[in-house]
Amino acid sequence: MPAVAPSEFPPPFDPADVIGPPTDAEDERIEVGIAIVGGGPAGLACANKVMQLLEDEPELTEKLGEVPVAVIEKGKVAGAHLLSGANMKPSAMEELFPDLPKEEWPVFQEVTKDAVYLLTSKAALPLKPMPPNFRNHGNYVTSVSKLGRFLAEKAEEAGVYILSETAATKLLVEDRVVKGVRSGDRGRGKEGEELGNFEPGSDVVAKATVLAEGTVGHLSYAAYDYFDMHGADPMRWELGVKEVWEVPKPLDRVIHTMGWPLRKSPKYNEFGGSFIYPMGEDKLCIGLVAGLDYTDATFSVHDALQLLKTHPFVKNLLEGGKRVAWGAKTIPSGGYFAMPKRLAVPGMVVAGDAASMVNVPTLKGVHYAMHAGMYAAETIVESLKQDSVNFEAYDEKIHKSLIEKDLFESRNMRQPFSKGFFLGGAMASAMTVTKGNFPGGHWKQEHDSEVEVELGKAGEMYVKPDNELTFAKLDSVFLSGNATRDDAPNHVRIQTKVPREVAQTWVSMCPAQVYEIPDEQLENGAAEVDVHVTASNCVQCGAITAKGGRLTLPEGGDGPLYQET
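What counts, and where the lines are drawn
- Residues numbered from 1 in each chain as written.
- Predicted model: local features only at pLDDT ≥ 70, side-chain atom pairs only at ≥ 80, totals over all residues.
- Heavy atoms only, no water.
- Salt bridge = Lys/Arg side-chain N within 4 Å of Asp/Glu carboxyl O.
- Helix = DSSP H or I, 4+ residues; strand = E, 2+ residues; numbered from the N terminus.
- Buried < 20%, exposed > 50% of the residue type's maximum accessible area, 1.4 Å probe, protein only.
- Pairing = 2+ DSSP bridges.
- Core = buried A, V, L, I, M, F, W, Y, C linked by side-chain atoms within 4.5 Å.
- Contact = heavy atoms within 4.5 Å.

**Section: the pattern of salt bridges**
1) Next: Within the structure shown, the criterion is met by 27 salt bridges.
2) Next: Where Lys309 meets Glu243, a salt bridge forms, and the shortest distance between an N and an O atom there is 2.7 Å. In this pair, Lys309 is assigned in the loop between α6 (301-308) and α7 (312-318) and Glu243 in strand β15 (residues 237-246), connecting sequence segments 66 residues apart. Across the pair, Glu243 and Lys309 agree in class, each one buried.
3) Next: Linking Lys405 and Glu409 is a salt bridge whose minimum nitrogen-to-oxygen distance equals 3.4 Å. Of this pair, Lys405 and Glu409 are both found in helix α10 (residues 402-409), 4 residues apart, which corresponds to roughly one turn of the helix.
4) Next: What makes Glu409 partly exposed here is its relative accessible area of 21%.

Written out as structure tokens, the structure reads:
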């Protein structure tokens with residue numbers, strides 16, 4: 001069968017449908033001072049910083065009304081949808097809470113030892129000297145879901161209103177000025193019908209809106225289309241699947257691996273690696289991250305992680321242990337050239353992962369998100385003091401910050417790996433040593449969905465679950481705390497009749513078994529197949545948006561309830 005690009009089968013979704021003017025009567029609108037969409041590191045750092053700044057601004061505080069800052073969070077609680085292999089640089093926490101002892105931070109430990117290994121199917125070869133982008137001395141191992149809960153508690157103590165279980169489904173825009181967001185309806189059935197407990201959404205109008213939605217931002221990407229904010233290159237992503245294990249033997253270092261089980265040939269374009277981090281004396285986390293520009297439709301990050309755990313080196317670390325948590329999330333990997341060409345429009349700014357603020361070579365994004373949230377807070381407070389909704393100073397703050405400096409230095413390091421593991425690694429090393437200057441220029445990137453896929457043999461490598469070391473997708477979804485209603489409307493937008501290569505890509509890619517091809521079509525080898533969607537399995541990782549579909553927002557409160565990821 002010929003290779004085919006998923007982008008040739010665009011989803012039934014129009015970004016313009018999620019942007020429009022307020023529709024509620026003026027006396028029925030919910031008025032807040034500053035509306036922050038997303039209770040992650042960027043949004044909550046922004047909320048905390050605003051409240052700190054307002055302590056010296058009584059006049060502005062009064063102008064902002066009874067609810068000076070509202071954080072609109074779609075998860076059951078702040079942190080419910082947050083997942084990362086978080087090895088956090090301390091700069092943002094130090095700046096945001098300068099008087100808070102590090103002993104009170106929501107972290108497991110400071111990194112004092114780390115190691116990088118090149119894996120073959122049987123051996124683990126230590127890389128010495130260690131690649132400089134993997135050095136983590138002085139950073140802190142944390143759970144980003146716990147970090148979210150901590151930042152939310154601090155924000156609420158300061159007077160921030162956190163509206164959890166609330167999906168921001170529409171961006172409110174009048175005369176090209178962002179006026180807030182609309183919350184989603186609750187209590188609709190599978191076909192969109194109103195159930196007995198139906199509650200319509202509300203217009204949440206604000207003097208300033210911060211989009212800090214994280215990876216695959218629902219409103220952010222629609223805004224990029226509407227306001228022509230797209231960067232030089234399209235957004236692109238990697239998918240990470242992570243597990244937390246209780247183990248009898250404490251891990252004393254941060255470990256990264258590269259190589260097996262990812263294949264090295266450029267024809268497969270399998271870029272990524274694993275991380276294994278200590279979480280105190282009795283736990284560790286293990287995760288596998290892979291770029292979503294691979295070419296084999298049968299490749300599965302979840303199943304590749306299960307295979308990784310059978311490696312003698314990794315199996316030894318988990319021996320006698322028990323898996324206690326699981327999750328999956330996309331990671332923006334477009335870097336500097338995928339950042340929006342502007343980060344502010346009248347009435348609105350964008351911060352964090354939704355703006356591609358992730359340094360893929362160093363696996364860092366949490367502190368960038370927090371710094372960006374603080375820059376957004378400073379800009380908004382200064383502008384609102386002048387009764388202005390012009391937030392262009394935010395762009396300038398980002399351009400002069402370590403965020404842009406670091407991302408610029410790594411601007412081309414992701415792209416060479418399309419030439420294969422060894423050549424790509426050599427070129428990326430040269431870029432690391434020269435801070436991106438050799439070879440310089442702008443290496444163009446394409447959207448992940450434009451990469452052609454074909455039916456390969458990656459799926460034949462994977463192991464059957466034994467429910468002790470290796471596990472199936474559905475068992476893993478249960479461990480995520482996912483509690484989406486079976487009768488909820490489908491929030492996944494795809495074409496449901498597509499070439500088999502595209503359908504198989506979605507089936508294999510999804511870590512939560514959302515997509516299925518009917519058995520009879522698998523058996524008869526049909527070239528074009530149906531795709532059945534079980535949206536209630538979805539953990540909102542966002543990978544479908546990278547590979548030709550579109551993830552929209554389910555009802556507020558649906559999705560995973562991550563505790564330690």
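On we go.
**Here's the deal with the pairing of strand β18 (residues 283-291)**
1) Next: Within β18, 9 of the 9 residues are buried, leaving the element largely enclosed by the surrounding structure.
2) Next: Here β15 pairs with β18 via 9 bridges, running antiparallel. Bridge pairing in β18 places Gly240 opposite Val289.
3) Next: As judged from the 7 bridges shared by strand β17 (residues 272-278) and β18, these two strands associate in the antiparallel manner.

**Remarks on the nonpolar core**
1) Next: Counting 154 residues, the largest nonpolar core has Ile34, Leu171, Met357 and Tyr394 as the members making the most contacts within it.
2) Next: Considering each element in turn, this core owes the most residues, 12 residues, to helix α8 (residues 366-385).
3) Next: Apart from residues lying up to four places away in sequence, Tyr394 is in contact with Leu343, Ala344, Val349, Val350, Ala351, Met357, Ala372, Tyr375, Ala376 and Thr379.
4) Next: The next biggest cluster of nonpolar side chains, apart from the first, holds 10 residues, and it includes Val111, Val244, Phe275 and Met279.

Nothing here speaks to function; it is geometry throughout.
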